Amino acid sequence: VPSHDRRHWQDADTQSNLATVYYYLGRLAESIHLYKKALEQSPERYEIHGNLADALRQSGDTDAAKRSYKQALSLLAKRPQLDARELALKAHYSDFLQDSQATVWMEQARGLDAENAEVWLLSAQMYLRHHDKTNATLAAIKAVEFGFSYKLLSIDPDLSPIANDKNFNKSLQQERSSL
């Protein structure tokens, strides 16, 4: 990779990582701004489009979020084969666009890599969107079991319906102490 391309990726990574920190802090305006700046550097990065979509959705800008999810999906479609994480992200993005295949893709992602923490996190989020708190809780516990940060999980805005649940936190504490 030419050095100027690496620099753009590094700049985009720095901006995107900082945007993610702001996202988890609930500072959505800063998060959105930095994701957009990252995309100026690396417009081909589906993950950044997806993260921007998540921040836009959390901020209430549903139309812009849908456009970003569609862009992320179009970039993912160009990949010759998707790994478990990419397939889970495809399901995550598609679910917001009311694609009935989303749950199938998420199941396939879990089948491809049953120990991928991010796949389990995205599964938990999807279960919650479908009002299935029991499976959302189980998937969130799996995410922690396979290495996802308990602290990040507990402040993830998409998991807020279960994050403050006493039984959920008790289960997570038990999981953390058994590791």
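The rules we used
- Residues numbered from 1 in each chain as written.
- Predicted model: local features only at pLDDT ≥ 70, side-chain atom pairs only at ≥ 80, totals over all residues.
- Heavy atoms only, no water.
- Buried < 20%, exposed > 50% of the residue type's maximum accessible area, 1.4 Å probe, protein only.
- Helix = DSSP H or I, 4+ residues; strand = E, 2+ residues; numbered from the N terminus.
- Arc of directions from axis to C-beta.
- Contact = heavy atoms within 4.5 Å.
- Salt bridge = Lys/Arg side-chain N within 4 Å of Asp/Glu carboxyl O.
- Core = buried A, V, L, I, M, F, W, Y, C linked by side-chain atoms within 4.5 Å.

S.K.: I tried to follow helix α6 (residues 102-112) on my own but got confused; where do I start?
M.R.: Spacing of three or four residues puts side chains on the same side of an α-helix, whose turn is 3.6 residues. When α6 is considered as a whole, its buried residues turn out to be Ala102, Trp105, Met106, Ala109 and Arg110. Buried residues of α6, seen end-on, are gathered within an arc of 140 degrees and therefore sit on one face of the element. Residues of α6 that are buried in the fold lie against α5 (84-96) and α7 (117-129).

S.K.: Help me understand the pattern of salt bridges in this model?
M.R.: One side chain can pair with another of opposite charge once the charged atoms of both are near each other. Within this structure, the stated rule accounts for ten salt bridges. In this structure, Asp54 and Arg57 form a salt bridge, with 3.3 Å as the shortest nitrogen-oxygen distance. Separated by three residues within a single helix, Asp54 and Arg57 lie in helix α3 (residues 46-59), roughly one turn from each other. For the residue pair Asp54 and Arg57, the accessibility class agrees, reading buried in each case. A network of salt bridges, in which partner residues are shared, links Glu47, Arg85 and Glu118.

S.K.: Please explain the nonpolar core as it appears in this structure.
M.R.: Soluble globular proteins tend to bury their nonpolar side chains together. Tyr35, Tyr46, Tyr93, Phe148 and Leu153 are the most contacted members of the largest nonpolar core, which totals 54 residues. Taken together, the elements giving at least two residues each to this core come down to α1 (3-25), α2 (28-41), α3, α4 (62-77), α5, α6, α7 and α8 (133-145). At eight residues, α7 tops the list of elements feeding residues into this core.

S.K.: In this structure, what is going on with the environment of Gln108? I would like to understand it.
M.R.: Along the chain, Gln108 falls in helix α6. What makes Gln108 partly exposed here is its relative accessible area of 40%. Considered as a pair, Gln108 and Ala91 are 17 residues apart in the sequence and their alpha carbons are 9.6 Å apart.

So yeah, pure geometry; function would need other evidence.
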